[in-house]
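Observations on the model geometry
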Number of protein chains: 2
Amino acid sequence: MASFQTTLRKRFPDLAADLDAVDRLLRRELGAGGRFLQEEALRLLSAGGKRLRPVLVLGSARLGDFDQGAARALAAAVEALHMATLVHDDIIDSADKRRGQDTSVHLHGVNLAVYTGDWLLVKSLQLLSGAGSATEIRTAVLHRLAEALEEVFTGEVDQYQGRGAIPTLDAYMDRIRGKTAALFAGACAAGAKSAGLEDGRVETAGRFGEAFGMAFQIRDDLMDLLESGDAIGKPASHDLEKGNVTLPILMAAEADEGFRTDLSDYLDRWHGASGQAGGAGHLLARARSLGVGERTRTLSERFRQDALQCLEALPEGEGRAILAATLSSLDEMK
Amino acid sequence: MASFQTTLRKRFPDLAADLDAVDRLLRRELGAGGRFLQEEALRLLSAGGKRLRPVLVLGSARLGDFDQGAARALAAAVEALHMATLVHDDIIDSADKRRGQDTSVHLHGVNLAVYTGDWLLVKSLQLLSGAGSATEIRTAVLHRLAEALEEVFTGEVDQYQGRGAIPTLDAYMDRIRGKTAALFAGACAAGAKSAGLEDGRVETAGRFGEAFGMAFQIRDDLMDLLESGDAIGKPASHDLEKGNVTLPILMAAEADEGFRTDLSDYLDRWHGASGQAGGAGHLLARARSLGVGERTRTLSERFRQDALQCLEALPEGEGRAILAATLSSLDEMK
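On a predicted model such as this, the values are computed, not experimentally measured, just so you know. (Residues numbered from 1 in each chain as written. Chains lettered and ligands numbered in written order. Predicted model: local features only at pLDDT ≥ 70, side-chain atom pairs only at ≥ 80, totals over all residues.)

**As for the interface of chain B and chain A**
Contacts between the two partners involve 33 residues from chain B, matched on the other side by 34 residues from chain A. Counting residues per element, the ones that place at least two in the side of chain B that touches chain A are helix H3 (36-46), helix H5 (68-92), helix H7 (110-130) and helix H8 (135-161) of chain B. Broken down by element, the residue count for the side of chain B that touches chain A peaks at 15 residues, all from H8 of chain B. (Contact = placed C-beta atoms within 7 Å. Helix = DSSP H or I, 4+ residues; strand = E, 2+ residues; numbered from the N terminus.)

**Some points on H3 of chain B**
Within H3 of chain B the residues assigned to the buried category are Leu-37, Glu-40, Ala-41 and Leu-44 of chain B. Along H3 of chain B, the residues classed as buried sweep out an arc of 105° about the axis, all on the same side. Across from the buried face of H3 of chain B, at angles greater than 90 degrees, the exposed residues are Glu-39 and Ser-46 of chain B. Among the structural elements, helix H7 (135-161) of chain A together with helix H2 (13-31), H5, helix H6 (104-108) and H7 of chain B are those in contact with the buried residues of H3 of chain B. (Buried ≥ 20, exposed ≤ 12 C-beta atoms within 10 Å, placed from the backbone. Arc of directions from axis to C-beta.)

**Thoughts on helix H2 (residues 13-31) of chain A**
Think of an α-helix as turning once every 3.6 residues; residues three or four places apart then point the same way. Residue and element names in this part refer to chain A. In this model H2 runs 26 Å from its N-terminal to its C-terminal C-alpha over 19 residues, within 8% of the 27 Å that 1.5 Å per residue would give. By the burial criterion, the buried members of H2 are Leu-15, Asp-18, Leu-19, Val-22, Leu-25, Leu-26 and Leu-30. For H2, the angular spread of buried residues about the axis comes to 125°, placing them on one side. Along H2, the residues that are exposed and aim more than 90 degrees away from the buried face are Pro-13, Asp-20, Arg-24 and Arg-28. On its buried face, H2 is in contact with helix H1 (3-11), helix H3 (36-46), helix H4 (52-60), helix H5 (68-92), helix H6 (104-130) and helix H14 (318-328). Once H2 ends, the next one or two residues include Gly-33, with phi positive near 135°. (Expected span 1.5 Å × (residues − 1).)

**Overview of the relation of the copies chain B and chain A**
You can overlay chain B on chain A at an RMSD of 0.0 Å; the transform is a turn of 180° with a shift of 0.0 Å along its axis. Both copies are brought into coincidence by an operation consistent with a two-fold rotation axis. Measuring from the rotation axis to each C-alpha of chain B, the shortest distance belongs to Thr-135 of chain B, at 2.8 Å. Of the interface residues in chain B, 100% have counterparts in chain A that sit at the interface too, so the contact is made through matching surfaces. (Least-squares fit on C-alpha atoms with pLDDT ≥ 70 in both.)

**Side note on unusual backbone geometry**
Residue and element names in this part refer to chain A. The backbone phi angle of Ser-94 is positive, close to 45°, even though this residue is not glycine. Along the chain, Ser-94 turns up in the loop between H5 and strand E1 (97-98). You can call Ser-94 partly exposed: it has 13 C-beta atoms within 10 Å.

**What to know about the packing of helix H9 (residues 169-194) of chain B against helix H10 (residues 199-226) of chain B**
Running from N to C, H9 of chain B and H10 of chain B cross one another at 145°; their axes reach a closest spacing of 7 Å. In terms of crossing hand, the pair formed by H9 of chain B and H10 of chain B is right-handed. (Axes fitted to C-alpha atoms, helices over the stretch in contact; angles between N-to-C directions. Left-handed = near helix turned anticlockwise from the far one by under 90°.)

**Points about the confidence of the model for chain A**
Residue and element names in this part refer to chain A. Of all residues in chain A, 95% attain a pLDDT of 70 or more, and the chain-wide mean is 91. Per-element confidence in chain A is highest for H4, whose mean pLDDT is 98, and lowest for E1, whose mean pLDDT is 84. Of the regions scoring below 50 in pLDDT, residues 231-236 engages in 13 contacts with residues more than four places distant in sequence or in other chains. Both confidence scores are given for the complex: pTM 0.93, ipTM 0.92. (pLDDT = per-residue confidence, 0-100.)

**Details of the nonpolar core**
One finds Val-57, Leu-74 and Ala-80 of chain A together with Val-57, Leu-74 and Ala-80 of chain B to be the most contacted residues of the largest nonpolar core, which totals 212 residues. Look past the residues within four positions of Val-57 of chain B in its chain and what remains in contact with it is Ala-71, Leu-74, Ala-75, Val-78, Ala-187, Ala-190 and Gly-191 of chain B. (Core = buried A, V, L, I, M, F, W, Y, C linked by C-beta atoms within 7 Å.)

**Looking at the environment of Ala-182 of chain A**
Position of Ala-182 of chain A among the secondary structure elements: in helix H8 (residues 169-194). Excluding its chain neighbours within four sequence positions, the residues that come into contact with Ala-182 of chain A are Ala-148, Glu-151, Val-152, Gly-155 and Arg-177 of chain A.

**With respect to the environment of Ser-104 of chain A**
All names here are of chain A. Here Ser-104 lies in helix H6. Linking Ser-104 and Arg-320, residues 216 residues apart in sequence, is a C-alpha distance of 36 Å. Ignoring any residue separated from it by four or fewer positions in sequence, one finds Ser-104 in contact with Glu-40, Val-87, Asp-90, Leu-112, Ala-113 and Thr-116.

Have a look at this one:
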């Protein structure tokens, strides 16, 4: 289990019970039947994962009138949505491994991976449309999550089409807002909505999730750089190998004109070689030596402060305490 | 425009106005924005198509209290769902053309086609969750369509995994129930639900749609065989080339033991050659000469009669007349 979850579970036993229930619900809703899609769903579920989005849903759902059944179904639905996007992302990235397990595309090929992701999306829809709360809340929650998903796919397309080029800082921020922060925001807003919060507070919960998601993704991009330390000469799995320039690399290019030139050259070769270009490892090592960690952390910290400010505008209580504890355990997440 | 639609439009001017409104709605909801996904949606919309599923929604929605706004949004949503499944199907089939236009996968590659389909699914969800009718009806409609979609993807996986083998008649029926009839059923049930029909009649409308879909797909499979007449020696696009054995071929195998043996040999070669095996054209010609058309038509006709029986149990009026006219124009559809 992810270490941040262990701490959270100890401190909030009710949340721990909910998370266990969400996992049982996912296994039952996705796994019952024993045919290909169900077996594949169980395999993906057993790979674990942080269950960060369910935590956000369940925390936000405790900001108001906590409806246990609705909140658990919503948390399971959001995790299934997230799983669906991962299965399709792994097709685009030709990824072999995820959470230490073979990806669907690696194990079964593109075709079955397309349908696995589609089916997970539909199962999520079933969880959402069948969840226990009042129908007007359910519809609003669905609408909010559909908006979030549109941002996710738009962000993924932007990132895909922007490969091989150095993005502006704004373009990078838009991308991670779409690919990560939008679903964090959707999870928090949907959770708050399920608890009957008024629209203004639902939006604040959404902004908390978005800022959290931005901080999370920036930190994730930095970790990817720092942990790629042994990758020189080896086939690194860093984003740069896929032509994606993340924030730490962007920071290095802003700090050092020579680095920017070499990065441009690399990306030109990347284009010319249809996505296969050597030399990423050396660029990563140079970026590390340029000390981009500090500057990247500063930006991540700014979003974390935004998230904290949003929290202060939300109702006090266990829900807010869960969200605060989750945010402050950001550094333990991977 | 498909010829069956011309006839329907002349006879039912209100339906014609609805269909025009649905197309405008689709263009506005999917096409506004001018970025890649929107441009691609407009391109796919402009390829036309029969708009058969919107007709089924709009006909069924006139079986009770017709709510124009809700019915049009629902019809647009169901067409967007259908488009999403086509975009992903074309990936699996490596199809170059659909409705005379380049497919998304052919024009933009697998990766962007995956996201295009995902995005269409999400836009459909937005149309559904934002549609005008009462929220309890909206939730029920969504739940019904999510069930239909699950059948679609399960059917597609079954078909994909069953390639290269001769299915039983039951297995063939299950497959086309999933890949085609489930969404026909969902369209009719959702339309009827949007009109406030009681659950029993909603189910009858669903069974009408399912039987119609079965008749439609069987007829489509027969047309594919009959129109593959010039394909000997050319790279035919018939299902058999993809290892899929459809009803007419199954009928030929049941009628002629020698044909069955040669079909098995072909499928063995198909497996051995990773989906590339010559000889399908000769098998298709032999199937035609075995006169399987009549036997296949008999089965299709049986489903059409089932659909007619369901219709008789539904409330009389323009809605039922539209559904009846659509069913009886089956022979003009392609």
